[in-house]
Structure formats: structure tokens, C-alpha cells
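Close look at the chain arrangement
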Amino acid sequence: MSHNEHAIANEQHVHRDDTGAKMGMWLFLFTELLLFGGMFLIYAVYRFQFSDQFRVAALELNTSLGTLNTIILLTSSLTVALAITAIQKKNKFFAIINLVLTLFFALLFMVIKYFEWGSKFEHGIYPGSEELLNKQNGEVLFFGLYYVMTGLHGLHIIIGMALLFWILILVMKDKITHDNFVKMENSGLYWHLVDLIWIFLFPLFYLIH
Amino acid sequence: MHNNDSKKEHHVTGYGTYLLVWVALIGLTSITVTVAGIDFGMVALAIALLIAAIKSSLVINIFMHIKSDEPIFKVFLGVSLFTLIVIFVLTAFDVINR
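Residues numbered from 1 in each chain as written. Chains lettered and ligands numbered in written order. Predicted model: local features only at pLDDT ≥ 70, side-chain atom pairs only at ≥ 80, totals over all residues. Heavy atoms only, no water.

1. Remarks on the overall build of chain A
Operational definition: For helices the rule is a DSSP run of H or I covering at least 4 residues; for strands it is a run of E covering at least 2, with both sets numbered from the N terminus onward. Restricting the calculation to C-alpha atoms gives the radius of gyration, and the globule rule supplies 2.2 Å times the number of residues raised to the power 0.38. Here a residue-residue contact requires only that any non-hydrogen atoms of the pair lie within 4.5 Å. In this description, accessible areas are obtained by the Shrake-Rupley approach with a 1.4 Å probe, and a residue is regarded as covered only by the protein chains that are shown. Positive residues here are Lys and Arg, negative ones are Asp and Glu, while His and the chain termini are left out of the count. Note on charges: their place is set at NZ of Lys, CZ of Arg, CG of Asp or CD of Glu.
For chain A, the helix and strand inventory stands at 8 helices and 0 strands. Ordered by position from N to C terminus, the α and β elements of chain A give α-α-α-α-α-α-α-α. At 21 Å, chain A has a C-alpha radius of gyration far larger than the 17 Å of a compact globule built from 209 residues. Overall, the C-alpha framework of chain A stretches about 80 × 30 × 25 Å when taken along its three principal axes. Sequence-distant contacts in chain A: of pairs separated by 6 or more residues, those separated by 24 or more amount to 82%. Total accessible area on chain A is roughly 9600 Å²; 66% of this is exposed by carbon and sulfur atoms. In chain A, 13 positive and 16 negative side-chain charges are present, and the distance between their average locations comes to 6 Å.

2. Examining the interface of chain A and chain B
Selection rule: As a working definition, buried area equals the accessible area (1.4 Å probe) given up by two parts on being put together, with both sides summed. Salt bridge, as applied in this entry: a Lys or Arg side-chain nitrogen positioned within 4 Å of an Asp or Glu carboxyl oxygen.
Each partner contributes to the interface: chain A provides 52 residues, whereas chain B provides 49 residues. Taken over both partners, the interface formed by chain A and chain B buries close to 4400 Å², and the fraction arising from carbon and sulfur atoms is 78%. For the pair chain A and chain B, the interface holds 1 salt bridge. When contributions to the side of chain A that touches chain B are tallied by element, the ones reaching two or more residues are helix H1 (2–14), helix H2 (18–49), helix H4 (63–88) and helix H8 (182–206) of chain A. When residues of the side of chain A that touches chain B are assigned to their parent elements, the largest contribution, 17 residues, is made by H2(A).

3. Digging into the environment of A:Asn137
Residue and element names in this part refer to chain A. Secondary-structure assignment places Asn137 in helix H7 (residues 137–172). Through-space distance from the C-alpha of Asn137 to that of Phe50 is 8.3 Å; in sequence the pair is 87 residues apart. Not counting the four nearest positions on each side in its chain, Asn137 is found in contact with Phe50 and Gln53.

4. Topic: the nonpolar core
When a protein is soluble and globular, its nonpolar side chains tend to lie buried together. Our working definition: By convention a nonpolar core is built from buried Ala, Val, Leu, Ile, Met, Phe, Trp, Tyr and Cys residues, the set being connected through side-chain atoms within 4.5 Å. Only protein chains enter the accessibility calculation, which uses a 1.4 Å probe; a residue whose area is less than 20% of its type maximum is buried, one above 50% is exposed, and one in between is partly exposed. Domain start and end points were adopted from an automatic or database domain assignment.
Grouped together as the largest cluster of nonpolar side chains are 79 residues, with contacts concentrated most on A:Trp26, A:Leu99, A:Phe142, A:Met184, A:Phe205 and B:Met64. Two domains each provide a minimum of three residues to this core, namely domain 1 (1–67) and domain 2 (70–98) of chain B. Apart from residues lying up to four places away in sequence, A:Leu99 is in contact with A:Val80, A:Ala83, A:Leu164, A:Ile167, A:Leu168, A:Val171 and A:Met184.

5. Some points on the layout of surface pockets
Defined as follows: Here the term cavity refers to a set of points on a 1 Å grid, laid over the protein atoms alone, in which a 1.4 Å probe fits but cannot get out; the term pocket refers to an open set having protein on both sides within 12 Å along at least five of seven lines, with lining residues being those that place an atom within 4 Å of a point. Grid points are joined across faces, edges and corners, and a volume is the space filled by probe spheres set on the points. Under this grouping Gly is polar, as are all residues other than the nonpolar Ala, Val, Leu, Ile, Met, Phe, Trp, Tyr, Cys and Pro and the charged Asp, Glu, Lys and Arg.
In this structure, the largest pocket encloses a volume near 1200 Å³. When residues of the lining of the largest pocket are traced back to their parent elements, those giving at least two are H2, helix H3 (51–58) and H8 of chain A together with helix H2 (42–63) and helix H3 (71–96) of chain B. A per-element tally of the lining of the largest pocket places H2(A) first, with 12 residues. Taken together, the residues that form the lining of the largest pocket break down as 32 nonpolar, 6 polar and 2 charged.

6. A look at the side chain of A:Asn98
All names here are of chain A. Mapped onto the fold, Asn98 is located in helix H5 (residues 92–122). For Asn98, a relative accessible area of 3% puts it in the buried group. Filtering out sequence-adjacent residues up to four positions away, Asn98 remains in contact with Thr79, Leu82 and Ala83.

7. Section: H7(A)
Here is the rule: The span you would expect from a helix comes to 1.5 Å times its residue count less one.
Its 36 residues place the ends of H7(A) 52 Å apart at the C-alpha level, agreeing with the 52 Å of an ideal helix rising 1.5 Å per residue. At the exit of H7(A) stands A:Asp174, carrying a positive phi of roughly 60°.

8. Brief notes about empty space enclosed by the protein
A full pass over the atoms with the stated rule returns 3 cavities of 30 Å³ or more. Quantified by volume, the largest cavity comes out at close to 160 Å³. Forming the boundary of the largest cavity are 16 residues, of which A:Arg47, A:Leu207, A:His209, B:Gly41 and B:Ala44 lie nearest the centre. Of all the elements, H2(B) adds the most residues to the lining of the largest cavity, at 4 residues. Of the pockets and cavities examined, the second largest cavity occupies roughly 40 Å³. Secondary structure elements with two or more residues in the lining of the second largest cavity: helix H1 (15–37) and H2 of chain B. Its residues assigned to classes, the lining of the second largest cavity comprises 6 nonpolar, 1 polar and no charged.

9. Structural notes on the packing of aromatic side chains
All names here are of chain A. Where we set the bar: Note on ring pairs: Phe, Tyr and Trp rings are taken, using the six-membered ring of Trp, and paired if centres are within 6.5 Å. Classes follow the plane angle, with under 30 degrees stacked, over 60 edge-to-face and the rest tilted.
Summed over all chains, the structure comprises 23 aromatic pairs over all chains. When the ring of Phe54 is compared with that of Phe142, the centres are 5.3 Å apart and the planes differ by 80°; the resulting orientation is edge-to-face. Linking Phe54 in helix H3 with Phe142 in helix H7, this pair joins segments that are 88 residues apart in sequence. When sorted by exposure, Phe54 lands in the same class as Phe142, which is buried. With 5.3 Å between their ring centres and 25° between their planes, Phe121 and Tyr126 make a pair best called stacked. Judged by its relative accessible area of 39%, Phe121 falls in the partly exposed class.

What follows is the structure in C-alpha cells.
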């Protein structure tokens, strides 16, 4: 009997490899970097070729909303980091609060994005629109890249929200604890990557003058 | 009960460190927005990218724990950054010399 219990207790530990799990996550983040890296490469080439037209097109973007979204996303990165420390310090309540805050900031980011894209659409600037196609080639490229890159980034935000919601449930159910939190750490890594990509998207699209 | 107590203790970053990094990130954001308003021409792009790089290194080192994690993750990151740099530099030569 006691031998049996011992075997079960052992089994729960044997099949966990946190370092391996994190390596897998970093390898995945590597592929994400290359995915966005390729897009930044296209951006760089076209900005070099059409620098004046990029400047004209960028004037259409709302710098205030971009700045606000940057601050919101940076803050959500803080709260997810705080949540992980809270779990490590066995403070479940503080972890839950920070995860909920992260989800709130993520949602806020998407709402602002919705209004930002919405006002572009109202002005007739959307992929394939007549208004856009009548502009110069560089401006068409700028808005094409803007929609694809911020759109793909937005998709990452939505996936990140789903991941963090799942983590929140696991924390509430005590499935994530101070000695077993690699799922939370990996989801946090994903969230920080989304933040990292925005750190570059923001100046390259919103801050050209 | 057998526990993995022998396993290396996990590094715990304090709340205060994260808050400081956040303040720095917000500060750098306001700097980059302010600088963008001044007409520096091509230098503006360089400054914006430099600030973005500093912000990234803060996020990667502290938020993503690269500084305190096992060295193997630094190797992973180094390989990915090196790959990206090679791709960008080779493309730049191609575009400029066309």
C-alpha cells in the first residue's frame, strides 16, 4: 500500500520537464519572430523605396490612439509578469487580480483598435477600396502593410486572451500552483512577445513625420 | 513523499523590479513620441529604432526572465536574432545595389 502511494507520488513528478516545456515555447516564439520579421523586412524595403509616400500615408493614422494602445499593452505585460510572481509567492488572490487586469487591458486594446480601424473604413481607406487604389503606390503599400501587420498582431492578442483566460481558470481551480506554473510562464512569454512586436509596430507606423 | 526539492530553486523577480521596468518602458514611450514630433529627418528613424531596441531588451531580460533564466535560452534568442540580422543585412545589400 505505502509502496503504491509512493509510486503514484513519483509518477506525478516524473512526467514533468519544465525546462523542456519552456524550450518548446521559445522555439515557437522563434518561428513567430521570423513570421513578423519577414513582414518587417517587406516594410523596410518599401519604406526605403517610397519614403515620402509612406510619410504622407502615415499622417492619416491617429498617433494618440496608437500611443494609448502602446501604454495599455505595456501595462498588460506588467500585470501578467506580476501574476507569475504572485503565483510563485503563493499569493493566488493577487495572481487572479493581475490576470483579470491583463485580460481587461487586452480587451481595451482591441476595442480601441476597432474604433481606429472603423474610422479608417469610414474615410474609405480599407484594402481594395476605390479611395485607396486612387492613391500613390507607396500609400497603397503602407496601408496594405498596416492592415496586414496590425491585423495579424490583433489576431495574436485574441489568441493570447484565450490562453490567459484558460490560465485564469487553471489558477482558480488550483491546477497552477507555486511549484507547477510552467503553463502560466509560457503563456506569459507569448503575451510578452505580442508586446514586443507592438513595440516595433508603433514607431514604424504611427510615428513617421 | 518524494519531492523534487533537489531541483534548482526558481528565481523569483520581485514586484518592485517589474514596476521599475514598467516606469522605464512608459518613460521611453513618451520620449519616442516627443522626439517623433521634432523634425530630425532620417535621424528620427534611427532614434525611434534605438528606443524600441532598448524597450525590447527590458521586456526580454526582465519580463521574459532571460536575464535570470538558464543560459540555453540566451542561446535560443541569440540564434533567432542572428538569423533575423543576417536576413535584413543581405536584403539591404540587394536593395541598395539594385
